[in-house]
Amino acid sequence: MYRKLYKSLLVPIVIVIILFVLIIRAFVLIRFGKIPTERFGHLAANIEIYAGEKKLSNESSNQKTYDIFCFVGKFGNKKLMELISKQYFIFPEIIIDTVIYLLLKLSLDKHLVPTYSYGYDLYNLIYTNNISLKFSKKDILKGESILEKINISKNDKIVTFFIRDNTYNSIIFNENNNYHDYRDCNIEDYQSTANYLASQGYKIIRMGRHTKQKILVDNKIFDYSFSNIKSDFLDLFISSKANFFLTTNTGMETFSTHVCKKTGVFSNFLPYVNLNFYKWAPYSILLPKKIAKNGQLLSLEEIFSSSLCGYINTEDYINEGLEIIDNSPDEILEATKEFIEYQNNKL
């Protein structure tokens, strides 16, 4: 009720803003847009895709364009929002929402920033851009100081593990159904890979805010998700310091891929349609989950020639009588070894 009242009081001011925007559009185009903040993965991915497409648009047009945004939704990561705010024009949500509402009513779509709902880099722009969201020197010193306390120096080789289970969505989004269960994994399947990487001189940090089971730790393996140092800042800073990552398509790794331009191993990958999300990540290795029907493994041709490559709900697989088979510990380890060898040969 109060929100509607505030918006109605803002209408005269917003009309003046729109009139000004229309008067100057022969010289400069001003657009308005919303940045959804609830899902960490989409927040990190979409802002970088926007930056790439904005750069491409500026290079192909003689008209200058300025974009003004607001954040909408729950705060997925306040530090990431802070970094975005330093780079872009961010105004209160109630003002921008009212502006966008009137622009839509007036069919002035040209003054709206395109939305990037799923983080698909359609034009392969991510790796053509420089890193736009950067930490300050103060942030870097702060992060390095915290990592020193957990036996990780700034010169250590770091591998981040992003291993999905259903605990985070259950706690944060109150998702107590089985909607995304088909994407979940068992951290125990990654223990042998963590041990191997530790033996090769890497420091392993298992990432996450809320997880079900702890990885076995030693002086080179640290479970951040069960630690008392978790923060929005460290979620990002640790990701930025990693040499590479091992992920299960959690969403949290998108700061590493889209913002920090890092590569790694995508294991237990599902749904297959999400290949569109990471297809551009160069020099990475993708190891999807396997799908079987009536005891027979389905080939990639069978998967991609049918609708099941786009199944995003656990019920879709159950209703089709499909069995989802996780990667084995040996498969994960061999994929990681292959990635390291590939990186060494590339370098």
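Please refer to the structure placed before this passage.
Residues numbered from 1 in each chain as written. Predicted model: local features only at pLDDT ≥ 70, side-chain atom pairs only at ≥ 80, totals over all residues. Heavy atoms only, no water.

> Would you explain the overall build of the chain in this entry?
Scanning the chain from N- to C-terminus turns up 13 helices and 12 strands. Over its C-alpha atoms, taken along the principal directions, the chain stretches across nearly 65 × 50 × 45 Å. Evaluated residue by residue, the chain yields a buried proportion of 50% over its 347 residues. Counting contacts in the chain only where the partners sit at least 6 residues apart, residues at least 24 apart contribute 70% of the total. Carbon and sulfur atoms form 55% of the exposed surface of the chain, whose accessible area is close to 17,800 Å². (Helix = DSSP H or I, 4+ residues; strand = E, 2+ residues; numbered from the N terminus. Buried < 20%, exposed > 50% of the residue type's maximum accessible area, 1.4 Å probe, protein only. Contact = heavy atoms within 4.5 Å. Areas by Shrake-Rupley, 256 points an atom, 1.4 Å probe, with all protein chains shown as cover.)

> When you look at the nonpolar core in this model, what are you seeing that I'm missing?
The tendency in soluble globular proteins is for nonpolar side chains to be buried as a group. Counting 40 residues, the largest nonpolar core has Leu 80, Ile 84 and Phe 255 as its most contacted members. Among the elements of the structure, α2 (40-59), β2 (64-72), α3 (78-87), β4 (157-162), α8 (232-241), α9 (254-259) and β8 (264-269) are those that each provide at least two residues to this core. Contact partners of Leu 80, with chain neighbours within four places excluded, come to Phe 40, Leu 43, Ala 44, Leu 133, Leu 236 and Phe 255. Core analysis: the next-biggest nonpolar cluster, separate from the first, contains 22 residues, Ile 163, Ala 194, Tyr 202 and Ile 332 among them. (Core = buried A, V, L, I, M, F, W, Y, C linked by side-chain atoms within 4.5 Å.)

> It is not clear to me how the environment of Tyr 272 should be interpreted in this structure. Could you clarify?
Mapped onto the elements of the fold, Tyr 272 is located in the loop between β8 and α10 (275-278). Separated by 36 residues in the primary sequence, Tyr 272 and Leu 308 have C-alpha atoms spaced 8.4 Å apart. Those residues within four positions of Tyr 272 in sequence are excluded, and the remaining contacts are Pro 288, Lys 289, Lys 290, Ile 291, Leu 300, Ile 303, Phe 304 and Cys 309. A polar side-chain atom of Tyr 272 sits 2.7 Å from the main-chain carbonyl oxygen of Lys 289. (Polar contact = N/O pair within 3.5 Å; in protein donor to acceptor, adjacent residues only side chain to side chain.)

> Just to check I follow, could you spell out a nonpolar patch on the surface for this structure?
A cluster of nonpolar residues, Ile 15, Leu 19 and Ile 23, forms a patch on the protein surface that exposes about 300 Å² of accessible area. In this fold, Leu 19 is placed in helix α1 (residues 2-24). For Leu 19, a relative accessible area of 48% gives the class partly exposed. (Patch = residues over 30% accessible without salt bridge, like charges linked within 9 Å, V, L, I, M, F, W, Y side chains within 5 Å. Salt bridge = Lys/Arg side-chain N within 4 Å of Asp/Glu carboxyl O.)

> What is the right way to read the packing of aromatic side chains from this model?
Note on aromatic pairs: each is described by the distance of the centres and the angle between the planes. Following the criterion strictly, the structure yields 15 aromatic pairs and no others. Taking 6.4 Å as the distance between ring centres and 70° as the angle between the ring planes, the aromatic pair formed by Phe 161 and Tyr 190 counts as edge-to-face. With a gap of 29 residues between them, Phe 161 in strand β4 and Tyr 190 in the loop between α6 (167-172) and α7 (191-199) connect regions that are remote in the sequence. Relative to Tyr 342, the ring of Tyr 283 has its centre 6.2 Å away and its plane inclined at 45°; by these criteria the two rings are tilted. Of this pair, Tyr 283 sits in the loop between α10 and β9 (285-288) while Tyr 342 sits in helix α13 (residues 329-346); the two residues are 59 residues apart in sequence, bridging distant segments of the chain. Looking at Tyr 283, the relative accessible area reads 43%, which means it is partly exposed. Here Tyr 342 falls in the partly exposed class, since its relative accessible area comes to 39%. Among the aromatic residues, those joined into a ring-pair cluster are Phe 135, Phe 233, Phe 237 and Phe 255. If you follow Lys 142 out to its NZ or CZ, it ends over the ring of Phe 233, 4.6 Å from the centre. A cation sits over an aromatic face here: Lys 157 above Tyr 202, 4.2 Å from the ring centre. (Phe/Tyr/Trp six-rings, centres within 6.5 Å; stacked < 30°, edge-to-face > 60°. Lys NZ or Arg CZ within 6 Å of the ring centre and 35° of its normal.)

> In this structure, what is going on with unusual backbone geometry? I would like to understand it.
When glycine is set aside, most residues are seen to have a negative phi, and most peptide bonds are trans. Omega for the peptide link from Leu 270 to Pro 271 comes to 5°, which places this bond in the cis form. Position of Pro 271 relative to the elements: it lies in the loop between β8 and α10. Positive phi values are uncommon outside glycine, yet Asn 268 reaches one of about 45°. Tracing the sequence through the fold places Asn 268 in strand β8. Even without being a glycine, Asn 294 presents a positive backbone phi close to 55°. Along the polypeptide, Asn 294 turns up in the loop between β10 (290-293) and β11 (296-297).

What is shown is where atoms sit, not what they do.
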